[in-house]
Amino acid sequence: MSKTIMIVDDSPTMRQMVSFTLIDAGYSVVEAQDGAEALTKSGAQSVDLFLTDLNMPNLDGMQLTRGLRAMPRYEFTPIVLLTTESQKERKMEGKAAGATGWIVKPFQTEQLLAVVKKVCP
Amino acid sequence: MEAADLLAELDSAMLELESHPQDAALLNRVFRAIHTVKGSGATAGFTEMAAFAHHVEELFDEARMGRLTITSVMIDLTLQAKDLIGQMLDSAGPATLVPACREVVESLAKFLPHKVPTPRDGKSGPGAAAQSRQRHNVYFKPHAQVFFSGTDPVSLVDELRALGKATVTARIDGIPPLANLNPKHCYLAWEVALVSAQPASKIKEVFLFVEDESEIRIERDLTPVAGPTEVDGPLTAFLNIAAQSLQAADGFLSRLRGATEHDGACCKNYLRILKTFQAAANRQGQPEPAALLGEGIRLLEGTIAGNVTMSDQTRGNLAEGHRKLTALIQSLRKDDGRDDEISPLSAPSPIAASQPLPAAEAAPQADAPRARATIRVDQEKLDRLMRSAGELLVARNAFPLLAKRLTLEHGLSGMGKEVKDAGDHISHIAEDLQAAVLSIRMTPIRTVFQRFPRLVRDICRVQAKEAELLLEGEDTELDKTVIEQIADPLVHLVRNAVDHGIELPEARAQAGKPRAGKVTLKAYNKATNVIIEIHDDGGGMDPARLKRKALEKGLITSEAAAAMDDRAALELIFLPGLTTAAKVTDISGRGVGMDVVRSNIRQIHGTTKLESKLGCGSKITITLPASLMVSKGILVEANREEYVFPMESVVQTVRLPRSQIRRHEQSYFTTFRNEVFPVLRLADHFAVNRRTVEIAWPEEVPMAIVETNRGRIAVAVDRFLGHVEVIVKPMGSDFAGIAAFLGATIMGDGRVALVINPAGFV
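Residues numbered from 1 in each chain as written. Chains lettered and ligands numbered in written order. Predicted model: local features only at pLDDT ≥ 70, side-chain atom pairs only at ≥ 80, totals over all residues.

Caption draft 1: Spatial organisation of the nonpolar core. Residue and element names in this part refer to chain B. Ranked by size, the top nonpolar core spans 56 residues in total, and within it Val30 and Ile34 carry the most contacts. Here this core takes 8 residues from helix α3 (residues 47–64), the largest share from any one element. Structurally, this core is a two-domain feature, drawing no fewer than three residues from each of domain 1 (2–118) and domain 3 (234–336). Once residues within four sequence positions are removed from consideration, Val30 is found in contact with Leu10, Ala13, Met14, Leu17 and Phe60. Judged by nonpolar contacts, the second largest core, of 39 residues, contains Ala497, Ile534, Leu546 and Ala569. (Core = buried A, V, L, I, M, F, W, Y, C linked by C-beta atoms within 7 Å. Buried ≥ 20, exposed ≤ 12 C-beta atoms within 10 Å, placed from the backbone. Helix = DSSP H or I, 4+ residues; strand = E, 2+ residues; numbered from the N terminus. Domains from an automatic or database assignment. Contact = placed C-beta atoms within 7 Å.)

See below:
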């Protein structure tokens, strides 16, 4: 059974790029365009890893992370933040919300796969 | 499963390539097979295997581009690689295969001079890495809340293990008493002694996401990294190849021992193994094994070239060489200090980590032996054991005969008794052995049953029907072979039950039945049989309609139809080409079905019985022997020939007075306990070229009431000779079409008797 990864980003290009890379590497991918859609979709199926952008309309990455951690089903599921900011404060804030790790944008596909494999072996 | 096919394909392509090394189409075939193995391996998460397969793929990529000519050494290496891939997919702990893989990769790299083997996690190319190998002691104590950040600390420890040779110790002193323990907190810490060519920064990188809130110490340990006993050296790799080759050779030797004619395939495979082994020995600079192997190769090549049955002497020489080689390798293993090597302690499982009960102390150590508690065994070996155990059971039948002869013919009654006692003792042991061996092969029918709820649900959805499936007796055990072969017929029957049996909810409601239909699948033991029943409360079958259909299709004549009772009419469903479904759906109704079901079940010596009541539903009862190998039987004599009836088919044996047998036209009947049975005279039934000159019935007729496909019949025999244990040997392929016999068996005194197949002999 291949693992299911949800990519949450308001940029279709970004979603497409990530999806393509992950599908190519053998994962199943679910896309959501913001945190609200991610929460709805994650209730309908089981997700093994979330990759989420931080700044999104409706529900942002931080709120999504807190929302997911509040669901017993995703209490321990890895959540990786896609962030343009490499400042420590932002990362710490993300960690405090329950994120597992982060990838700094822009990133190479190898970097993406390395992180995915690391948190979701 | 897919991988197994691919590997088999690879195997055959490689063997062809051996004789046509330049064949471009073949090269492409090999390349594609390896490429697909790699691709699907990576997809399925066998990344190590994929990385390994990549090296082989490279070789054939070069070859098909014409930049490289495949030699037999490369073929050997590839086959070796293929075997390793197979093992990686099979074994739970591929880590033990790493040295052998590395060996192959290194050898392959020699053929690809312009390509530098890509070092992966510092695993390949131990020669280059050895100089810079360093030892680090890593201490890692994650934050108690680590799980809530979606991090599995064990996977981080695994990442460390991937960097080099790691010895992992779990620290459990942080675990509080059970009462205070929060199962969602992490109380464990790990100490990892890591020998790796990777710099400290790489080790630090592992903890990138957790470094802020975890306690992490990475210290360089300056004690020098020891030599080959610490790090897997090429000698170990060679010894691994040696062990595998010896094991394979062992199998071939025993197969040759049993061979009565030239077994070319076996010799060739044997030769291939020896050559691979020899190549490895040469690389390792081990002249002694190489010389011994050369001798074996010479013998085998001679046999293959001569295309003759291997002489006992040649076989003896081969076996002798094998023994010497085994001893030699054994001593090398001892020198290497690898005799009792155990793989490094595995990290505690995620469960142990997230629920660190105090008992978890023993968990890491307990993991390793538990993984070894089951072993995979070649089915062929198991079958051999089965046969031997079975033959032992039959052979013991000689003891009572011997005892009898000693007593009666030689007047040594004391001796006779002793022989009989010894025989009884052996009997008991043989029975225990048989039971033990049989139990190995027994599998609960659950494995087959568990797919049905889904099947029923899917059909219901497609057809807008409602049905519930009740499963009973899922723990009933059957021989593995039987399980494998009963699956398809059962799928068919369950499908039929829903598709044809259960009516649409409205129709059911009109008929006063609950809207949801009920299909029951039940398995249970009865004597030495296993019974499987499929019962549905659907519409049932209409005998009249079956007759009409069969007539329309010209499967029966109108006279036959007229003479048929309902029960016989129901039997029509088993005729090839008959279907009563109003329309052909993709689920069923093509009329290739029930006949195949019955013949499949017959193949595993089972019988099928159908009962159906219009409007109330149908029930199919399958009776199967629980095991195929040894069975009890009743030995009978008819026309001076001996036959065996399988015990499970004989309902009862009786002696009836001649007066109770009545004749009706060409047939005989008898009444026994108010039931009428057709009588079949075994002597007549199997009488070849001897149209009976009306043999007179004896005063008292011994009869066996036997269960057949057409119901119970009474089989008249000349004499009952008693109960016997038989192993049924299938008939040679020339006689395979004869349905009347299951096969033949060898009696305790060496005579051969035919075993009757009650399902097929009328």
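Caption draft 2: Fine view of the packing of helix α20 (residues 480–501) of chain B against helix α25 (residues 594–603) of chain B. Residue and element names in this part refer to chain B. At a minimum axis distance of 9 Å, the contact between α20 and α25 shows a crossing angle of 155°. Our classification of the angle between α20 and α25 gives roughly antiparallel. Considering the relative orientation of α20 and α25, their crossing is left-handed. Mapping the contact onto sequence places Gln485, Asp488, Pro489, His492 and Leu493 in α20 and Val597, Asn600, Ile601 and Gln603 in α25. Class assignment for the residues of the contact of α20 with α25 results in 4 nonpolar, 4 polar and 1 charged. (Axes fitted to C-alpha atoms, helices over the stretch in contact; angles between N-to-C directions. Parallel < 35°, antiparallel > 145°, perpendicular 65-115°, else oblique. Left-handed = near helix turned anticlockwise from the far one by under 90°. Nonpolar A, V, L, I, M, F, W, Y, C, P; charged D, E, K, R; others polar.)

Caption draft 3: Representation of the sheet that holds strand β11 (residues 617–625) of chain B within the structure. Residues and elements named next belong to chain B. On the basis of which strands lie adjacent, the open sheet formed by 5 strands has the order β6-β8-β9-β11-β10 and mixed pairing. Strand pairing shows two members of the sheet lacking a second neighbour, β6 (467–472) and β10 (607–613), which therefore form its edges. Pairwise comparison of adjacent strand axes, ignoring direction, gives a mean angle of 10° for this sheet. Pairing between strand β8 (residues 517–526) and strand β9 (residues 529–536): 8 bridges, direction antiparallel. (Pairing = 2+ DSSP bridges.)

Caption draft 4: View of the interface of chain A and chain B. With 16 residues of chain A at the interface, the matching set in chain B holds 11 residues. Here the side of chain A that touches chain B is composed, by residue class, of 6 nonpolar, 6 polar and 4 charged.

Caption draft 5: Examining the packing of helix α3 (residues 61–69) of chain A against helix α4 (residues 88–97) of chain A more closely. Residue and element names in this part refer to chain A. Their axes nearest at 9 Å, the elements α3 and α4 cross at an angle of 25°. Between α3 and α4, the angle is such that the two are roughly parallel. Contacts from Met62, Thr65 and Arg66 in α3 reach Glu93, Gly94 and Ala97 in α4. Looking at the contact of α3 with α4, its residues break down into 2 nonpolar, 2 polar and 2 charged.

Caption draft 6: Structural detail: helix α10 (residues 264–283) of chain B. Residues and elements named next belong to chain B. Between its terminal C-alpha atoms α10 stretches 29 Å, which fits the 28 Å expected from 20 residues at 1.5 Å a residue. Taken together, the buried positions of α10 are Cys267, Asn269, Tyr270, Arg272, Ile273, Leu274, Lys275, Thr276, Phe277, Gln278, Ala280 and Ala281. Where α10 ends, the next residue or the one after it, Gly285, has phi of about 70°, a positive value. (Expected span 1.5 Å × (residues − 1).)

Caption draft 7: Structural detail: the sheet that holds strand β15 (residues 661–664) of chain B. All names here are of chain B. Read across the sheet, 6 strands follow the order β14-β18-β19-β17-β16-β15 without closing on themselves; strand pairing throughout is mixed. Whereas interior strands pair on both sides, the edge strands pair on one side only; in this sheet they are β14 (650–657) and β15. Shown here is a sheet whose adjacent strand axes are inclined to one another by a mean of 35°, direction ignored. As defined by bridge partners, β14 adjoins strand β18 (residues 700–708) across 7 bridges and the pair is classed as antiparallel. When the bridges of β18 are listed, Arg655 appears paired with Pro702.

Caption draft 8: Structural detail: the pairing of strand β22 (residues 752–756) of chain B. All names here are of chain B. The pairing of strand β13 (residues 641–646) with β22 spans 2 bridges and is parallel. Bridge pairing links Tyr643 to Leu754 in β22. Sheet topology note: the strand β21 (residues 741–746)/β22 ladder contains 5 bridges and is antiparallel. Bridge assignment links Ala744 to a residue of β22, and that residue is Leu754.

Caption draft 9: Representation of helix α22 (residues 543–552) of chain B in the model. Residues and elements named next belong to chain B. Among the residues of α22, those classed as buried are Pro543, Leu546, Lys547, Lys549 and Ala550. Around the axis of α22, the buried residues are gathered within 165° of arc, so they sit on the same side. Opposite the buried face of α22, at more than 90 degrees from it, the exposed residues are Ala544 and Glu552. Against the buried residues of α22 lie α23 (558–563) and α24 (566–571). Just past α22, the residue Gly554 takes up positive phi, approximately 70°. (Arc of directions from axis to C-beta.)

Caption draft 10: Just the environment of B:Arg515, in detail. Residues and elements named next belong to chain B. Mapped onto the elements, Arg515 comes out in the loop between α21 (505–510) and β8. Judged by local crowding, Arg515 falls into the partly exposed class, with 14 C-beta atoms found within 10 Å. Sequence separation between Arg515 and Glu466 is 49 residues, and the spatial gap between their C-alpha atoms is 6.8 Å. Beyond its immediate chain neighbours, meaning those up to four positions away, Arg515 contacts Glu466, Pro505, Arg508 and Ala509.

Caption draft 11: Highlighting the environment of A:Pro121. Here A:Pro121 shows up in the segment after α5 (109–119). Judged by C-beta crowding, with 16 C-beta atoms within 10 Å, A:Pro121 ranks as partly exposed. Sequence separation between A:Pro121 and A:Lys3 is 118 residues, and the spatial gap between their C-alpha atoms is 9.6 Å. Every residue in contact with A:Pro121, bar those within four places of it in the chain, is listed here: B:Ser155 and B:Asp158.

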